[in-house]
Amino acid sequence: MRLRLVPQETKFDFFKHARLTFGASIVAVIASLVIWAMVGLNFGIDFLGGTTIRTDSTVQVDVGDYRAALEPLELGDVVISEVFDPSFADDQHVVTVRIQAQEGDEAVTPETILAIQSALQEAVDPEMTFPSVESVGPKVSGELIQTAIIAVLASLGAILVYIWLRFEWQFSVGAVAALVHDVILTIGVFSLFQIRFDLATIAALLTIVGYSINDTVVIFDRLRENLIKFKQMPLRDVMNLSANETLSRTLMTSGTTLVALIALIALGGDVIRGFVFAIAWGVVVGTYSSIYVAKNVVLMIGVKRDWSKPTDGGGASGTQFANVDA
């Protein structure tokens, strides 16, 4: 007996509570922007600037010991990560210690670095060595922020153009509205809970954009097919039909992805927890926005159903660039 998350045929009216769901999305977006503006983001070292110190020791790594050794120095945000590499010897234990830039300084001063090294040697291993020390100044971190913003905006712009060519401009507006909804809600959650926001989070945002648009395109593809099949059916009914026909696929894809992500959140460790949480949250809001945001925007704008175009031989009437393949 095969497992089914939803019945084989469903007839949900996804627009029955459109005002409530769409209104909730607008309120959530506004709330996220307000929280972002008032609370701000908990930027990591990548964006604030700072120093990374690599340690090499024969003593087994205990992150708590490292953190306890550095706590009296009051260095602010400190990230301690053990490095694993098959080339290491059995008794070689390598750790990276990342420290945020100190207020008023371009980078962590040599005196501070010496104090960190002394503290670690005294508390963890007197024979500990420090193979490398790297610093990221505020100027570089500022460039990283600028590059991150450009990366997110460029991905949204590219998707806008792609969906326009693949379908119609109304679909691209709906898809990008859903993506903006997903990105802003994710930033809002990071701001609300003050989860560390670094380059890994930017990678997660771009992953969310890719995942969410994939889900939306599946629904839009079925919608375009049904618009050709059911030329006289009202647009709202065609949209409901398309969403119902793809519902099982949507929930199965999201559900299996979430199972893997929840396992990573629980067992993946502190280093990737923020990254995985962002993707997990993005999968949830991305699935929601594909059904309740992208379609609603397209329905509000309307779709030009140009039946003057030929449909023989599987042609795609009603869409200007419908013959463009993915």
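Remember, predicted model here, so these are calculated numbers, not experimental data.

Cut-offs applied
Residues numbered from 1 in each chain as written. Predicted model: local features only at pLDDT ≥ 70, side-chain atom pairs only at ≥ 80, totals over all residues. Heavy atoms only, no water. Helix = DSSP H or I, 4+ residues; strand = E, 2+ residues; numbered from the N terminus. Buried < 20%, exposed > 50% of the residue type's maximum accessible area, 1.4 Å probe, protein only. Contact = heavy atoms within 4.5 Å. Areas by Shrake-Rupley, 256 points an atom, 1.4 Å probe, with all protein chains shown as cover. Core = buried A, V, L, I, M, F, W, Y, C linked by side-chain atoms within 4.5 Å. Axes fitted to C-alpha atoms, helices over the stretch in contact; angles between N-to-C directions. Parallel < 35°, antiparallel > 145°, perpendicular 65-115°, else oblique. Left-handed = near helix turned anticlockwise from the far one by under 90°. Nonpolar A, V, L, I, M, F, W, Y, C, P; charged D, E, K, R; others polar. Phe/Tyr/Trp six-rings, centres within 6.5 Å; stacked < 30°, edge-to-face > 60°. Lys NZ or Arg CZ within 6 Å of the ring centre and 35° of its normal. Pairing = 2+ DSSP bridges. Patch = residues over 30% accessible without salt bridge, like charges linked within 9 Å, V, L, I, M, F, W, Y side chains within 5 Å. Salt bridge = Lys/Arg side-chain N within 4 Å of Asp/Glu carboxyl O. UniProt positions renumbered as here; feature names shortened; annotations may be inferred. Expected span 1.5 Å × (residues − 1). Polar contact = N/O pair within 3.5 Å; in protein donor to acceptor, adjacent residues only side chain to side chain.

Draft legend 1. Spatial organisation of the overall build of the protein chain. Each helix and strand counted, the protein chain has ten helices and six strands in total. When the 326 residues of the protein chain are sorted by exposure, 44% land in the buried category. Restricting to contacts in the protein chain with at least 6 residues of sequence separation, those with at least 24 account for 78%. With an accessible surface of roughly 17100 Å², the protein chain has 62% of that area assigned to carbon and sulfur atoms.

Draft legend 2. Inspection of the nonpolar core at higher detail. Among the nonpolar cores identified, the biggest contains 44 residues, and Ile 163, Phe 171, Phe 197 and Phe 220 are the most heavily contacted of them. Taken together, the elements giving at least two residues each to this core come down to helix H1 (18–39), helix H5 (138–166), helix H6 (169–192), helix H7 (199–229), helix H8 (235–245) and helix H10 (270–301). Top element by residues in this core is H7. It accounts for eleven residues. Beyond its immediate stretch of four places on either side in the chain, Ile 163 contacts Glu 168, Phe 171, Ser 172, Ala 175, Ile 213 and Val 217.

Draft legend 3. Seen up close, the packing of H7 against helix H9 (residues 247–267). Where H7 meets H9, the closest approach of the two axes is 10 Å, and the angle between their N-to-C directions is 160°. With respect to H9, the axis of H7 lies roughly antiparallel. Both H7 and H9 take part in a crossing whose hand is right-handed. Where H7 abuts H9, its residues Tyr 211, Asn 214, Asp 215 and Val 218 lie against Arg 249, Thr 250, Thr 253, Ser 254 and Thr 257. Each residue belonging to the contact of H7 with H9 can be placed in one class, and the counts come to two nonpolar, five polar and two charged.

Draft legend 4. How the structure looks around the packing of aromatic side chains. Inspection of every chain in the model, using the stated rule, returns eight aromatic pairs. Measuring from centroid to centroid gives 6.2 Å for Phe 190 and Phe 277, while their planes differ by 50°, and the two rings are tilted. Residue Phe 190 is found in helix H6, and its partner Phe 277 is found in helix H10; the two are separated by 87 residues along the sequence. Here Phe 190 falls in the buried class, since its relative accessible area comes to 1%. An aromatic cluster of three or more residues is present, and its members are Phe 12, Phe 14, Tyr 288 and Tyr 292. Positioned over the ring face of Phe 167 is Arg 166, at 5.5 Å from the centre of the ring.

Draft legend 5. Spatial organisation of the environment of Phe 15. Here Phe 15 shows up in the segment before H1. A sequence separation of 221 residues divides Phe 15 from Arg 236, and the C-alpha atoms of the two residues are 7.8 Å apart. Residues contacting Phe 15, with those up to four places away along its chain left out, are Arg 236, Met 239, Asn 240, Lys 295, Asn 296 and Leu 299.

Draft legend 6. Molecular detail of the pairing of strand E2 (residues 50–57). Within E2, six of the eight residues are buried, which leaves it mostly tucked inside the rest of the structure. Examined bridge by bridge, E2 and strand E4 (residues 93–100) share eight bridges and lie antiparallel to one another. Looking at the pairing, Arg 54 lines up with Thr 96 of E4.

Draft legend 7. Examining a nonpolar patch on the surface more closely. A cluster of nonpolar side chains, namely Ile 26, Ile 30, Val 34, Met 38 and Val 39, defines an oily patch on the protein surface of about 490 Å² accessible area. Summarising the element assignment, Ile 26 is placed in helix H1. Judged by its relative accessible area of 40%, Ile 26 is partly exposed.

Draft legend 8. Layout of the UniProt feature "transmembrane region" (unreviewed entry) in the protein chain. Those places that UniProt annotates as "transmembrane region" (unreviewed entry) correspond, in this numbering, to residues 20–39, 144–165, 172–193, 199–220, 251–269 and 275–294. Within the segment residues 20–39, helix and strand shares are 100% and 0% respectively, and the terminal C-alpha atoms sit 27 Å apart. Structurally, residues 199–220 is divided into 100% helix and 0% strand, and its ends, taken at the C-alpha atoms, are 31 Å apart.

Draft legend 9. Spotlight on H7. Taking 1.5 Å per residue as the helical rise, H7 with its 31 residues ought to reach 45 Å, and the 45 Å between its terminal C-alpha atoms agrees with that figure. The N-capping residue of H7, defined by a side-chain oxygen 3.2 Å from the backbone nitrogen of Ala 200, is Asp 198.

Draft legend 10. Spotlight on the pattern of salt bridges. If you walk through the whole model with that rule in mind, you get six salt bridges. Across the pair Asp 221 and Arg 166 runs a salt bridge whose closest N-O atoms are separated by 3.6 Å. With Asp 221 in helix H7 and Arg 166 in helix H5, the pair connects residues that are 55 residues apart, well separated along the chain. For Asp 221, a relative accessible area of 22% gives the class partly exposed. For Arg 166, a relative accessible area of 7% gives the class buried. Here the salt bridges share partners, and the residues they tie into one network are Arg 166, Asp 221 and Arg 224.

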